[in-house]
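Close look at the chain arrangement
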Amino acid sequence: MATEYRHWRKFATKMVKGKRAPRRVFINDVDSYASKNIAKCLSKQTLQSAATADKEVGKVQSYPVVGTLAEASEEDTSYLLEAYMQLSRDVILGKLLECDIVIYNITQHPEHVDEASWAVSALHSKISSFTRPKMFILISTVMTWACSKAANSGEMELPFTDDDFRRRRAHPNFRRHYELEKLVAKLGKTDRSSFSTYVVASGLQYGMGEQILHLFFKMSWMGQDKEIPVFGDGNNIVPTIHIRDLASVVQKVIELQPKLHYVLAVDYSNNTMEDIVKAISGALGPGKIQKKPFEEVFLQQDFSITEIDLMHVNLCMEAAHLKELFSLRWLCEFGLVENIEHVVEEFRQMRGLVPIRVCVLGPPAAGKTTLCQQICDHYKLHHIQLTEAVAETMAQLEHMVRSTISETENEESPLATEAQELLNIFKDNLEQNGGMLDDHLLVRVLVDKLMTNPCKNQGFVLDGFPKTYNQAKELFHVEEQDYEGKTSPVSLYNKKIMPEFILCLEASDVFLKERVINLPEKLVQEHKYEHENFLQMLVKYREKNTEEETVLHYFEEHDIAPLILDVTSVNAPDSQLLMHSICERVGPPRKYGLSSQDVEKEEMHEDTPEEASREQKEMEDAMQRSAHWEMWTKTLEEKRQWEVQQLEILTAPMKNYLMDMNIITTLSQGLIACGSAWPDDPIDFLAEYLLQNNP
């Protein structure tokens, strides 16, 4: 092995005196999931094997990567030195001969098998013309092992290892892959110093936005289904590997040029399909799964036949060579389930599904709830209100107590007792604080709510909380832990729930009082905006926002600049001007992109120029009708408001007269007395009551 490596070094440096010539890498189909991610990793990767061999630290080399594209796209290909599309085989062969390392990925599209077979054979036929050694790496699949029979050790079956590759038996749909693997290994034995070949058998690939498992991630993120499907019994063990770990395996093969020809590229997880789906659902969705008949998987258009076969393989495998020879720096050594939080965060970042977190603050009756609902409707976020969050927590505790007792048939079970004690604490606290929890319990409820999967997936709008600096500090802070598990005095904010945007409504006291007067009685009672109570709430809010440590100061300390919105200037909290300002600050909605089926449908129904012109005219007519309708509606609304104002002006003297003379109060009391007495003649009773109780 050492002799072969020195031979490679001598050959590689022959063309450039004193410098190592960069080794050019070819990868097929670089717009596919696996090839694209491998190309990105290799183009940014630096090799240190040569520096280590010669003890010349610092002399490292990066990979110039070239490759073929299946079709033109708008995706960024800056990581490629060159990209080719729709070339003949003669031209492609010329490109392959220009490269030192040729990588063919056949894990995704079966049609690549024939092309890879031709490429390795064509390169092998040109060995005599090589000016420097070349390497061919075939990225295959563990499906060429799918029908293998494991060796027994007592009652347990031993896992397959790299050394068992001669005993492997392919799945019927992957016989051509198996034959290609044998061909690649055979051609690499002719003149190893000039042309070395390797087969890397990859497990189910995941990570970097997902490919095969994308449907399960999408369903969990969107939360449309309470239960994520598992097709079949789900007890099959699926060999897996993170796509970046697969790229690291390929990089190590290039670096080390091991003597072996066959490498298993699987992690050390041995998770079942049920374990994988349950982990995805728990990290992104409700955490529930539903087993469905295996046949139903064929109704899902998201899966190809190749992917269906791979999800239902049952293989226990151990990559012995990765552990013994490669010294791989793993990203997800123990699989998807063990590293689900990292994989989920990677999924969000790659798909642009970063949650939008908004906090709306302001004085009482400024219209916070109305504005929060508008933001939630526009951005598809979750509206977090204090009263609803507390009520939901109480309901969950009550349900937990009932379900635990029914399952264990024991009212004194530890779980039921703990839930009941916590429920009692909440109830006592509500009674002591006039129907609202104290700050400590309220913060606990809100943290639990904001850490739920829906809030972490789409985002949330926090309505009117926190109100003070201390509340904000208690809600959003997290304490840094040192390696010994002791609490550090440094207090940091919780990045998972800290709002990204702070909106603060401002309005004059006169405006707020007038708005409360004009609110429906139902809303006044719901928000406790009775005259004296509202004035007290307003005074408390003004006092809290004149102190040195206000809630806005807390966010400014963490470099989150609040957006101040003057409700008085737009004359209504639900004005479109407010939403326009908010949309400019927050940006466009972070929606889930079109599925592959939706994209195909759009491509199939591309309009002809005549149809496009007709649709454009219809759209313009619709927009014109919409504008007229909006203007007419606005005019009617303005007329209705004017009539209401005129009616209020006309009735104001009578209202004032009746209130000043205490007529309404006396009449109300008389009606209550009449309802209690049930007299035969209520009119005479009421008249007699008014005469006797005339103030």
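Residue indices begin from 1 for each chain and proceed along its sequence in written order. Given that the model is predicted, a residue must reach a pLDDT of at least 70 before its local features are reported, and side-chain atom pairs must reach 80 or more before they are shown or counted; all residues, however, enter totals for whole chains, interfaces and linings. Water and hydrogen atoms play no part in the side-chain values, which are based on all heavy atoms of the structure.

Some points on the overall build of the chain
Numbering of helices and strands starts at the N terminus; helices are DSSP runs of H or I of at least 4 residues and strands are runs of E of at least 2. In terms of regular secondary structure, the chain is built from 29 helices and 22 strands. Two residues form a contact once any of their heavy atoms are found within 4.5 Å. Here the analysis covers contacts within the chain between residues at least 6 apart in sequence; of these, 75% occur between residues at least 24 apart. Computed with the Shrake-Rupley method and a 1.4 Å probe, the accessible areas treat only the protein chains shown as cover for residues. On the chain, roughly 38,800 Å² of surface is accessible, and the fraction owed to carbon and sulfur atoms is 52%.

Brief notes about empty space enclosed by the protein
Only protein atoms enter the 1 Å grid used here, on which a cavity is any set of points holding a 1.4 Å probe that cannot leave and a pocket is any open set flanked by protein within 12 Å on both sides along at least five of seven lines; residues with an atom within 4 Å of a point are listed as lining. Grid points are joined across faces, edges and corners, and a volume is the space filled by probe spheres set on the points. Evaluated as defined, the whole model comprises four cavities of 30 Å³ or more. In terms of lining, the second largest cavity is formed by Phe216, Val230, Phe231, Met273, Val277, Met311 and His312. When contributions to the lining of the second largest cavity are tallied by element, the ones reaching two or more residues are strand 12 (228-231) and helix 9 (273-284). Looking at the lining of the second largest cavity residue by residue, the classes come out as six nonpolar, one polar and no charged. Asp, Glu, Lys and Arg are counted as charged, while Ala, Val, Leu, Ile, Met, Phe, Trp, Tyr, Cys and Pro are counted as nonpolar; the rest, among them Gly, fall into the polar class.

A short note on the pairing of strand 21 (residues 501-506)
Type-normalised accessible area, obtained with a 1.4 Å probe on protein chains alone, sets the label of each residue: buried when under 20%, exposed when over 50%, and partly exposed for intermediate values. In terms of burial, strand 21 is largely enclosed, as five of its six residues are buried. The criterion for strand pairing is that DSSP finds at least two bridges linking the strands in question. In the sheet, strand 16 (residues 356-361) pairs with strand 21 via four bridges, with the strands oriented parallel. Residue Leu361 lies in a different strand from strand 21, and its bridge partner there is Cys504. Two elements, strand 21 and strand 22 (residues 563-566), share four bridges in a ladder whose sense is parallel. Among the inter-strand pairings, Cys504 is bridged to a residue of strand 22, identified as Ile564.

Concerning the pattern of salt bridges
We define a salt bridge as a side-chain nitrogen of Lys or Arg found within 4 Å of a carboxyl oxygen belonging to Asp or Glu. Considering all chains together, one arrives at 14 salt bridges under this definition. Residues Arg176 and Asp114 are paired through a salt bridge, measuring 3.0 Å at the closest nitrogen-oxygen approach. Here the residue Arg176 occupies a position in helix 6 (residues 175-187), and Asp114 occupies one in helix 5 (residues 112-125), the gap between them amounting to 62 residues. What makes Arg176 partly exposed here is its relative accessible area of 40%. Judged by its relative accessible area of 46%, Asp114 is partly exposed. Here Lys291 makes a salt bridge to Glu274, at a shortest N to O gap of 3.2 Å. Separated by 17 residues along the polypeptide, Lys291 in strand 15 (residues 289-292) and Glu274 in helix 9 bring together distant segments of the chain. We classify Lys291 as partly exposed; its relative accessible area is 43%. If you follow the salt bridges from partner to partner, you end up with Glu274, Lys278 and Lys291 in one network.

Some thoughts on helix 16 (residues 414-432)
Over its 19 residues, helix 16 extends 27 Å from the first C-alpha to the last, a length consistent with the 27 Å expected when each residue adds 1.5 Å. Along helix 16, the positions that sit buried rather than exposed are Ala416, Ala419, Leu423, Phe426, Asn429 and Leu430. Seen from one end, helix 16 has its buried residues packed into an arc of 160°, which puts them on one side. Opposite the packed face of helix 16, turned more than 90 degrees from it, sit the exposed residues Pro414, Glu418, Glu431 and Gln432. At the exit of helix 16 stands Gly434, carrying a positive phi of roughly 65°. To estimate the expected span of a helix, count its residues, drop one, and scale the result by 1.5 Å. Think of it as the arc spanned by the lines of direction from the helix axis to the C-beta atoms.

Overview of the sheet that holds strand 21
Sheet strands line up and pair through hydrogen bonds in the backbone, either parallel or antiparallel. Sheet architecture is open: five strands sit in the order 17-18-16-21-22, paired in parallel fashion. At either margin of the open sheet sits one strand with a lone partner, and together these are strand 17 (382-384) and strand 22. Going across the sheet, the axis of each strand differs from the next one's by a mean of 20°, ignoring polarity. Inspection of the sheet shows strand 16 paired to strand 18 (residues 459-463) by five bridges, in the parallel sense. The partner of Arg357 across the bridge, within strand 18, is Phe460. Sitting on the sheet, helix 25 (residues 576-586) touches strand 16, strand 21 and strand 22, and the angle it makes with strand 22 is about 170°. Note on method: axes are straight lines fitted to C-alpha atoms, helices fitted across the in-contact stretch only, with angles between N-to-C directions ranging 0 to 180 degrees.

Quick word on unusual backbone geometry
For the bond from Phe465 to Pro466, the omega torsion is 5°, close enough to zero to count as cis. Within the secondary structure, Pro466 is located in the loop between strand 18 and helix 19 (469-476). Backbone geometry places Ala365, a non-glycine residue, at a positive phi of 70°. With respect to the helices, strands and loops of the structure, Ala365 is situated in the loop between strand 16 and helix 14 (368-379).

Considerations on the environment of Val113
Mapping Val113 onto the fold places it in helix 5. You can call Val113 buried: its relative accessible area is 4%. Put simply, Val113 and Arg176 are 63 residues apart on the chain and 7.1 Å apart in space, counted from C-alpha to C-alpha. In this view, Val113 contacts Ile106, Arg176, His177 and Leu180; residues no more than four positions away in its chain are not counted.

Brief notes about the nonpolar core
Membership of the largest hydrophobic core comes to 111 residues, with the highest contact counts inside it found for Leu42, Tyr104, Phe136, Leu213 and Phe216. Beyond its immediate sequence surroundings of up to four residues, Phe216 is in contact with Ile228, Pro229, Phe231, Met273, Val277, Ile280, Phe303 and Met311. Grouped together as the second largest cluster of nonpolar side chains are 36 residues, Leu423, Leu430, Ile502 and Phe555 included. The criterion is simple. A nonpolar core is a set of buried Ala, Val, Leu, Ile, Met, Phe, Trp, Tyr and Cys residues joined through side-chain atoms within 4.5 Å.

Nothing here speaks to function; it is geometry throughout.
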